[in-house]
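# Report on the structure
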Amino acid sequence: MDKLSDSLIGKIQGKTGIIITEALQPAIHEFINRRMKELNLSAESYSTRLEDDDTEMELLVNASTVNETYFFRDEAHYEFLQNNFFPSRSMSTVHIWCGACSTGEEPLSIHALAKQMGIETEITATDINTEVLAFFKKGIYSKKSFRADGQKYHRYIRCISTETDGTIKINPEEIRKFHISFLNLNRETPLPFVMDSFDLIILRNVFIYFSSDLIMKILGQLWSVLKVDGILLLTTNEIAAVPENAYFEKKRDGDIYYLQKKKHIRERSIASKEDKEDMHSTDLRKIFTEKKSIEKDFLSELKFNSSKAEMTSYKDILKYIDRENYRKAEDLLSKIDFSSSNLEYMYLFTGIIKYQVEDYHEAEINFYKSSSLNQKFWPASIMLAFTYKHIGKLQKALVSFEQSLNILMEYVKNEKSCYNFTIDFDPVYIINICKKNMDEIRRIIGE
Ligand SMILES: C[S@@+](CC[C@H](N)C(=O)[O-])C[C@H]1O[C@@H](n2cnc3c(N)ncnc32)[C@H](O)[C@@H]1O
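A brief report on the enclosed structure follows. (Residues numbered from 1 in each chain as written. Predicted model: local features only at pLDDT ≥ 70, side-chain atom pairs only at ≥ 80, totals over all residues. Heavy atoms only, no water.)

Okay, helix α5 (residues 75-88) next. Here α5 is 14 residues long and its end C-alpha atoms lie 19 Å apart, about the 20 Å a rise of 1.5 Å per residue gives. Leu81 marks the point of greatest bend in α5, at about 45°. Restricting attention to buried positions, one finds in α5 the residues Glu75, His77, Tyr78, Phe80, Leu81, Phe85 and Phe86. (Helix = DSSP H or I, 4+ residues; strand = E, 2+ residues; numbered from the N terminus. Expected span 1.5 Å × (residues − 1). Bend = angle between axes of the 7 residues up to and from the residue. Buried < 20%, exposed > 50% of the residue type's maximum accessible area, 1.4 Å probe, protein only.)

Below is the structure:
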């Protein structure tokens, strides 16, 4: 069953993103052999069954993950949280996502520490393995979950649990404080969280199983859901393996390394204007309630790089949008298998549909994600600008128009340096749209 075994390994990798090394294979083979016997299936039939039966696939995924974890693992990280991170956020509830939480020792350690410090947390704990999540929900641990590493913090766990004959039961009301759910980090769809949700994302000992392409893709998604001053905690080795990127900056605090969310130009220049903008936004919104046709004209002129296989579908989506058939556009959109390299298109189209049905909040989120994933993707940044303008966030609109203009200027100066995205007409036309809008906004906000 060697060829088949390769294809089964391929299936697991495709689903989870985990690179199944030789070290991981024996346990997986053992599980598969046992399962084939239990079901009385040949290797081929088992493989076919995996295609049609989500529960069978779930069992295989559960058998393929490494779930090693323990309380206060990597003690120095908890010292960092205690001495640096929590004191800097003590004013309000700290929102945390533990993205590969395994059996729960990691989120419980964070919660127990914060509780001792009098800090309120809201912790979302997710994993791809449904068995470990069920274990976490029960909250019953043995001595195996306590090692020498982290020892100085163990007493904090005692404060949220009871111990009988060596079995540690976390108080159920403590477990109920967590949002525990299944989440696959290897995904084509956006993360199920709104933008700027978390102060801290902790994702330790899971990137070691992923390819660098997948890591980069995940980093882009994490960037969107982290707050502006949010941080991402990986293990030191995992951080060392992360290449320079547009989303995060490596920071050091003593022996601890962490990743700080990079502020994009938009956010930096907005802050000081925020108050002024809020004051005028209601009046200004009125000025822009009238629906403008320019955006639509502009949308129907978009043309995609013709070498892409998806081009026909993209054009069809735009065609449906142009005819105001948003349901069809959405249907088609849901059928396209967006890969990590063109995820920005998915967000762009979703944003355009939301924009057209006047769901500007969702439009903003999607354009924002699209332009964050690819900062040279001017269609997303110009649509983000139009969205901001419609909802009266004029300062933000100004920055986004300016960003679009800069990208397009680059296009005019040197075609090769611009994102591989073509337009039917002179880019100067769109540059002029940006300039016109910028002038208009500057006049209104008195800049
Ligand atoms: C070694 S444990 C790490 C647990 C904990 N973070 C720690 O450092 O102690 C790795 C966890 O990553 C989870 N995992 C692996 N692939 C995943 C994926 N694609 N999405 C979400 N979780 C995944 C596994 O199920 C496992 O529970």
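Following the structure, the description resumes.
Contacts to the ligand come from 22 residues, most closely from Thr16, Thr69, Arg73, Asp127 and Asn205. The separation between a nitrogen atom of the ligand and a polar main-chain atom of Arg204 is 2.9 Å. Compared with its free state, where it exposes 600 Å², the ligand has 99% of that area covered by protein. Partitioned by chemical class, the residues of the shell around the ligand number eight nonpolar, nine polar and five charged. (Near = heavy atom within 4 Å. Polar contact = N/O pair within 3.5 Å; in protein donor to acceptor, adjacent residues only side chain to side chain. Areas by Shrake-Rupley, 256 points an atom, 1.4 Å probe, with all protein chains shown as cover. Nonpolar A, V, L, I, M, F, W, Y, C, P; charged D, E, K, R; others polar.)

Read from one edge of the open sheet, seven strands run β6-β2-β1-β7-β8-β10-β9, paired in mixed fashion. Because the sheet does not close on itself, it has two edges, and the strands there are β6 (179-182) and β9 (248-253). For this sheet, the mean angle separating the axes of adjacent strands, direction not counted, is 25°. With respect to the sheet, helix α10 (residues 212-225) is in contact with β1 (94-98), β7 (198-202), β8 (226-233), β9 and β10 (256-261), its orientation differing from that of β8 by roughly 135°. (Pairing = 2+ DSSP bridges. Axes fitted to C-alpha atoms, helices over the stretch in contact; angles between N-to-C directions. Contact = heavy atoms within 4.5 Å.)

Turning our attention to the pairing of β10. The buried fraction of β10 amounts to five of the six residues, a majority that puts the element mostly inside the structure. With two bridges joining them, β8 and β10 adopt antiparallel strand pairing. The residue of β10 that forms the bridge with Leu232 is Leu259. Connecting β9 to the next strand, β10, in antiparallel fashion are two residues, including Gly254 with a positive phi near 65°.

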